[in-house]
Structure formats: structure tokens, C-alpha cells
Amino acid sequence: KMHPAKFARLMRVAIIGRPNVGKSSLFNRLIGRQHALVYNKPGVTRDCLFEKAEYGGFTFEVVDTAGLDDGVDMQEDEAEMRKAGPQMKASGIGRWPAHLLTEALENTSLVVKSSDLVLFMVDQRVGLTPLDWQFARWLAMKNKPTLLISNKADGNVSPLDEKDVKKLGLGEPLHISATQNEGMSELIMHMAPIIMGVDRKNRQISTEWKSEEERRLRLLILGRPNVGKSTLVNALVETQADEKKEDFVPLLVGPEPGITRDPVSVIFEHQGQQIEVIDTAGLRKKGKTMQHGDAIDIKTSYASLKRVPRADLVILLLEINKQTGLLTEQDITLATEVIKEGKAILVAVNKCDTLSKEELANVKKSSPRILNMCFNQLGEVPTVFISSQNRLGLKQLMTEAISLHEKSRTKLSTADLQRWVHDIKRIGKMSPPTFPNLKFARQVDTKPPTIVLTCSRSVRSTTAYMAYLTNDFRRTFGLDGVPLRILLREELSQAKKQ
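Residues numbered from 1 in each chain as written. Predicted model: local features only at pLDDT ≥ 70, side-chain atom pairs only at ≥ 80, totals over all residues. Heavy atoms only, no water.

1. Details of the packing of aromatic side chains
At step 1: Counted according to the given criterion, the structure contains 4 aromatic pairs.
At step 2: Aromatic pair F120 and F135: ring centres 6.5 Å apart, planes at 40 degrees, arrangement tilted. One end of the pair, F120, is in strand 4 (residues 117–123); the other, F135, is in helix 4 (residues 130–142), and 15 residues separate them in sequence. Here the two residues F120 and F135 agree in accessibility, since each one is buried.
At step 3: Put simply, the rings of F120, F135 and W138 touch in pairs and so form one group of aromatic residues. (Phe/Tyr/Trp six-rings, centres within 6.5 Å; stacked < 30°, edge-to-face > 60°. Helix = DSSP H or I, 4+ residues; strand = E, 2+ residues; numbered from the N terminus. Buried < 20%, exposed > 50% of the residue type's maximum accessible area, 1.4 Å probe, protein only.)

Shown next, in the form of C-alpha cells:
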């Protein structure tokens, strides 16, 4: 899900419809990859998904929306729509709390209002339902260009009733099958005139977008369920002095765990730099996930971890719990996965406003020892204490994130590395003949910094020796919080070279 500011000059296409008509399947088809979670039960998508699509030679923004179930009273007056929210029901994967239904309806209304084209989807296998009629009447009040999309039209499926289609007033339906990639060419042909009309003024959009994307800092937020990840994303955007934040569609938040399902990417500008913050679903223990047998939990966990390699930095969001303490086994497991991918970690302790001054002081005093003991591969882990609900500590969080990102991109000169090799041989406690004789050092990669050390004899390094090298390197160059990769390579003799 991308912040609308990213595509403010692109044509926006919103996909609207009741649950389980194939909105997410069409969304994935248009953007060319499996981004939105797809399942054979309704109610999977909750937050609105924004992504850039390049399809059929055209570039536009496509938005996937949550499907609202029966009981929704689509009123023209937004105030009446909000009142109708608590009476709405959800079926399929769990029940939606009333406040989430209200927020989801408001977000869908915001998306439709800012869209240039609406794709109204129905299920051809089921036919038109009362909820389809409610959606159609609601869209008619918005006065937006709309295409009627009849999905799941593959196989021997009876067409929609012509009389009912005429009563909808949305024109002839376009028959497609998003999963089978059928009818997509015809869909693009009908979208083309509107796309070209909107895009004609902005010929350089694709080039500008690619250059902005390369410079963007990507922050991935990971944590257990209900630690405040979505609230933090909303707070970060709302506290920025970004003119385009008015287009921001807030993420759904609430006291219930497991609200977020799809990874959510939100883009905003902070002190002249573009930041992309990626919200993820709360990750449960594997045992609990498998025990509950919820396929959606398994899919969301996989989707969240799949985002780690693409991130520049990971914010591990913690919550102080009087029963479990600062860190849990699940937090340590998440950090281990991040370190394996070579990503820097910034720890953010949320909900500090719930503690007294004395309790908070004790936590700040004990946290470095606890974090260093659990994350000894990172040295002293940068830690920020925040309250996303009350917007406290967010400025320091962004400052630390940008600083840590610069550290992870450190490019050291050969002269500096050679001085370090000389010093560690001169004053090091672990030196030849017991350990390999270091000759030369060179940096072969960044993010994370990767150093290759050339030795004069066979490499038989121990874990303790490698930890010694890593810790000394980190202290020398100030790379706390950044994973390091130090590799030993044997210097080949002339006989071995021949």
C-alpha cells in the first residue's frame, strides 16, 4: 500500500466491490505481482492498497479496497454513513469490530473521491446481489467514471441478467477472469482513453518516480501483534510538515490484535528526504500460528518477513509488559531473522506513556544490558523510547533511523582498513602463531559492510576469534547496531597459484 502522495500526478484507478468478488486478484494482475493477500474466503483485505501499475503500455495507480458485507447502508451523507458503520457485519475470516467497519468505509469513500476511474466488480458466478445494488447506488452519487467488471467469467458461467445490468446504469459489463488473465486486454482498451487524458500533462512521471524511488529510505516496522505498529505509521505521517499528507488514507488501528494483514507502505517527506515506512502484520509464534490453523496468519507472517530483504533499516517495535518484560522470545526470533539478512536494527520501545517516571527510568537503565545480551551481534543497539499514541519521541526516532542508515552504508578506504589491521596485530590479544596472520583488508560490499581479510596461513578461525575481530572492528569505526560480515581468505602461495 503506497501513500497517495507518491502518485499524486498519476491517474488513480480504484477497485470497488463487495467481499470475495476478486478485487485483490485483479489488483495483483494489474501490478504484475502477488502483492495483496488472496484467499478463498471474504474479508481478507482491510487497509486500502496503493500501488503503481504498468500494464498494456500505460502507467497508473491502482487501489485495492476492503469489501464491506451486507448491512452497509450506503448513504450519500457521509455522516449517515458513519452512523451506519456499527450496524455493518463481516463474514469470512473473523468478525470486524464496529469501529473498524466505520473507518474502512470512510477510507473507501476517500479513495473513490480522489480517483479518476472506478472499477466496480461483481461476481458473474453468483450474479448481482442486494449488496451490489447498494454499492452501485452509492457510486452513482459520487459522479465518477465507472466501468462495470464481471469477474470469474471463465468456464461455462451464465452471463448476468441483461435487465438487471441495465437497471444498474453502469453500462455493459466487461467479462474478465483475473486469476486466468482473460479479458484484460479489453479492460485496458476501455481504460485507455481516461488514462491518456489524465497522463497527457505528465510525460516525465515514470522517469521522476524511478529516480525518487532510488533515493528513498525504506524503514520496515516489525513486532508482535498489538504493539502499535499501525498507530506509529499514522503518527509519523501526521506529524510531518508535508503538503501532500492531506491525501493520506489512514491505516486501520484498534485495540484488537491482528488488524493489519497486508504489508503497508506509506511514503512521506521528512526534512527534504523521502521516507517509505512499511507496516507489517504482527508476527505470532510459529507454534501458535500452526495450532490455530489460520491460513491467513501463515500468509501474513510470510508476507511480512518477505519484506525484510527489500528494507534499508528495520525498526523493531517493542512494548513493555509487566509479565514478559521488555523482550520476548518472539522479539529475539524476529531480530535473528533480520540480522541474517544483514539489516541494521533500531529498537523502539512504545507505549512509554503508560509507565510512571520511576518505572520508565528503571527500564531505560536496564534496557542496554538486556538488548546487548540478546543482540550481541550488533554491539550497542540504538534504542528510542516513544509513545505513538501521544506523538512522543517521534523526532528522535527519525533522527536515529537516518543516522543508523548512514552507518549501514559506510564505505571505508583501504588506508583506514590497513591501519586497523596493523593496530589489531600490534595490540591484539589474539595474534599469531595461534591464529591466522592478517595481511590485507578490503571492503567488498555495503549494507551490510562486508570485509575480506587476507591471511598468510590456512584459515582455522574459531567463533571466539571472529567475534573478537567483529567487535573490535565495530568499536573502531563506530558501527553499533549494524550487522557486519568479516570473511577470512587464505593468501595463496606461488606454488598454489601455479
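2. Side note on helix 1 (residues 23–31)
One full turn of an α-helix is made of 3.6 residues, so residues set three or four places apart face in the same direction.
At step 1: Counting buried positions along helix 1 gives 8 out of 9 residues, so the element sits mostly inside the fold.
At step 2: The set of residues buried in helix 1 consists of K23, S24, S25, L26, F27, N28, L30 and I31.
At step 3: Positioned one or two residues after helix 1, G32 has a phi angle of 85 degrees, which is positive.

3. Points about the sheet that holds strand 4
Backbone-to-backbone hydrogen bonds pair the strands of a sheet. The strands run either parallel or antiparallel.
At step 1: Read across the sheet, 6 strands follow the order 2-3-1-4-5-6 without closing on themselves; strand pairing throughout is mixed. Strands with a single pairing partner mark the edges of an open sheet, and in this sheet they are strand 2 (49–55) and strand 6 (174–175).
At step 2: Here strand 1 (residues 12–17) runs beside strand 3 (residues 58–64); their pairing, made up of 4 bridges, is parallel. Counterpart to I15 in the pairing with strand 3 is D64. (Pairing = 2+ DSSP bridges.)

4. Looking at the pattern of salt bridges
At step 1: What the rule picks out here adds up to 15 salt bridges.
At step 2: When the shortest N-O distance is used, the salt bridge between K152 and D123 registers 3.2 Å. Linking K152 in the loop between strand 5 (146–151) and helix 5 (162–168) with D123 in strand 4, this pair joins segments that are 29 residues apart in sequence. One exposure class covers both K152 and D123, and it is buried.
At step 3: Each of R216, R218 and E276 takes part in one network of salt bridges that share partners. (Salt bridge = Lys/Arg side-chain N within 4 Å of Asp/Glu carboxyl O.)

5. Here we look at the environment of P449
At step 1: By secondary structure assignment, the location of P449 is in the loop between strand 13 (438–445) and strand 14 (450–455).
At step 2: For P449, a relative accessible area of 2% gives the class buried.
At step 3: Each C-alpha atom, one on P449 and one on R485, is 6.4 Å from the other, the two residues being 36 residues apart in sequence.
At step 4: Not counting residues within four places of it along the chain, the set of residues in contact with P449 comprises K407, S408, Q443, L479, V482, P483, L484 and R485. (Contact = heavy atoms within 4.5 Å.)

6. Side note on the packing of helix 8 (residues 229–238) against helix 13 (residues 394–408)
At step 1: At a minimum axis separation of 11 Å, helix 8 and helix 13 run at an interaxial angle of 90 degrees. Overall, the two elements helix 8 and helix 13 adopt an arrangement that is roughly perpendicular. Here L232, A235 and L236 of helix 8 come into contact with helix 13, specifically with L394, L397 and M398. (Axes fitted to C-alpha atoms, helices over the stretch in contact; angles between N-to-C directions. Parallel < 35°, antiparallel > 145°, perpendicular 65-115°, else oblique.)

7. Details of the confidence of the model for the protein chain
At step 1: Averaged over every residue, the pLDDT of the protein chain is 79; residues scoring 70 or more account for 79%.
At step 2: Across the protein chain, the secondary-structure element scoring lowest on mean pLDDT is helix 2 (residues 78–84), at 41, and the one scoring highest is strand 12 (residues 383–385), at 94.
At step 3: Across residues 289–293 the pLDDT falls below 50, and counting only partners more than four positions away or on other chains, this stretch makes 5 contacts in the model. (pLDDT = per-residue confidence, 0-100.)

8. Side note on helix 15 (residues 463–477)
At step 1: Taking 1.5 Å per residue, 15 residues should reach 21 Å; helix 15 reaches 21 Å between its end C-alpha atoms and fits that length.
At step 2: Every buried residue belonging to helix 15 is among Y465, M466, Y468, L469, T470, D472, F473 and R474, and all of these are buried.
At step 3: Looking at the residues trailing helix 15, positive phi occurs at G478, about 65 degrees. (Expected span 1.5 Å × (residues − 1).)

9. Focus on the nonpolar core
At step 1: By size, the foremost hydrophobic cluster in this structure holds 50 residues, and its most contacted members are L219, L397, L438, L453, L469 and F473.
At step 2: Look past the residues within four positions of L469 in its chain and what remains in contact with it is W420, I424, L438, L453, I486 and L488.
At step 3: Counting 29 residues, the second largest nonpolar core, distinct from the first, contains V21, L30, F60 and M191. (Core = buried A, V, L, I, M, F, W, Y, C linked by side-chain atoms within 4.5 Å.)

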